[in-house]
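Residues per chain, in single letters:
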Amino acid sequence: MGAKRAIEELKSRIALIDGKYKNDMKDYKEVLQMAVDAIDKQIPMQPRYEGDGYCDGELVYDMAYCPKCDHDFEYNINDWGSKFCPDCGQALDWSVGEEGEESE
Ligand SMILES: [Zn+2]
């Protein structure tokens, strides 16, 4: 089961709890939500790039931000290009240009 599918399935259970068992199953819902968040972070997201200058007419991206927690990455320094956000653990996809659908 792909990560996206697992999230869908879990979310439908959460919706069920919200609809029927709101007060009785609070813990259960929290655990499911925790699982959704954890799996969600394993699906790579592209960082938000920002550039502040031009070189040969092209915008140069020298800053990137975690899409989840806004951790800032500075070009070629410390965490730039790391697979996971050092703050929140979000998986990051640094390849620019291709919107890859999951292939699992
Ligand atoms: Zn983060």
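Residues numbered from 1 in each chain as written. Predicted model: local features only at pLDDT ≥ 70, side-chain atom pairs only at ≥ 80, totals over all residues. Heavy atoms only, no water.

**Some thoughts on the overall build of the protein**
Short version of the rule: Here a helix means four or more residues in a row that DSSP labels H or I, a strand means two or more in a row labelled E, and each is numbered from the N terminus. Relative accessible area decides the class of each residue, using a 1.4 Å probe on protein chains only: under 20% of the type maximum gives buried, over 50% gives exposed, and in between gives partly exposed. Every residue pair with non-hydrogen atoms within 4.5 Å of one another is taken to be in contact. Shrake-Rupley sampling with a 1.4 Å probe provides the accessible areas, and residues are treated as covered by the protein chains on show and by no other component. As used throughout, the charge tally considers Lys and Arg to be positive and Asp and Glu to be negative, leaving His and the chain termini uncounted. Each charge is placed at NZ for Lys, CZ for Arg, CG for Asp and CD for Glu.
Helix and strand content of the protein: 2 helices and 3 strands. Tracing the protein from N to C terminus, the helices and strands come up as α-α-β-β-β. Viewed in the frame of its principal axes, the protein has a C-alpha envelope of about 60 × 25 × 20 Å. Here the protein holds 104 residues, and 22% of them are scored as buried. When contacts within the protein are restricted to residue pairs at least 6 apart in sequence, those whose partners lie at least 24 apart make up 36%. In the structure as shown, the protein presents an accessible area of about 7600 Å², 49% of it carried by carbon and sulfur atoms. The distance from the centre of the 12 positive side-chain charges to the centre of the 24 negative ones in the protein is 13 Å.

**A closer look at the nonpolar core**
Going by this rule: For this analysis, a nonpolar core means a set of buried residues of the types Ala, Val, Leu, Ile, Met, Phe, Trp, Tyr and Cys, connected via side-chain atoms within 4.5 Å.
Listed in full, the 8 residues of the largest apolar core are Ala3, Ile7, Leu10, Ile14, Ile17, Leu32, Val36 and Ile43. Broken down by secondary-structure element, the contributors of at least two residues to this core are helix 1 (3-20) and helix 2 (26-42). Take this core: its biggest share by element is 5 residues, from helix 1. The contact partners of Ile7, leaving out residues within four places of it in the chain, are Val36, Ile39, Asp40 and Ile43. Within the second largest apolar cluster, 7 residues are counted, among which are Ala64, Cys66, Cys85 and Cys88.

**Here's the deal with the sheet that holds strand 3 (residues 72-74)**
Heads up, the rule is: Strands were regarded as paired on the criterion that DSSP finds at least two bridges between them. Axis lines are fitted through C-alpha atoms, for helices just across the contact stretch, and the angle between N-to-C directions can take any value from 0 to 180 degrees.
Sheet architecture is open: 3 strands sit in the order 1-2-3, paired in antiparallel fashion. What marks the edges here is a single partner per strand, and that holds for strand 1 (48-55) and strand 3. Going from strand to strand, the sheet's axes swing by 40° on average, the running direction of each strand aside. One ladder, built from 7 bridges, connects strand 1 with strand 2 (residues 58-65); its direction is antiparallel. Residue pairing across strands places Gly53 opposite Val60, the latter belonging to strand 2.

**Looking at the coordination of the zinc ion**
Going by this rule: Donor criterion used throughout: N, O or S atom within 2.8 Å of the metal, extended to 3.2 Å for Na, K and Ca. Water excluded; incomplete-looking sites may result. Only four donors with every angle between 85 and 135 degrees are called tetrahedral; only four or six donors with opposite donors over 155 degrees apart and all others between 65 and 115 are called square planar or octahedral, in that order; all others are irregular.
Coordination of the zinc ion by the protein is provided by Cys66 (SG), Cys69 (SG), Cys85 (SG) and Cys88 (SG), with metal-donor distances spanning 2.3 Å. For the zinc ion, the 4 donor atoms in the first shell make angles of 105 to 112° at the metal, a pattern classed as tetrahedral. Here the donor residues for the zinc ion map to a single chain with the spacing C-x2-C-x15-C-x2-C. Of this pair, Cys66 sits in the loop between strand 2 and strand 3 while Cys85 sits in the segment after strand 3, placing them 19 residues apart in sequence. Of the two residues, Cys66 and Cys85, both sit in the buried class.

**Examining the domain arrangement of the protein**
Put simply, the test is: Segmentation into domains, and thus their bounds, comes from an automatic or database assignment.
Here the protein is partitioned into domain 1 (3-42) and domain 2 (44-97). Using only C-alpha atoms to locate each centre, domain 1 and domain 2 end up separated by 30 Å.

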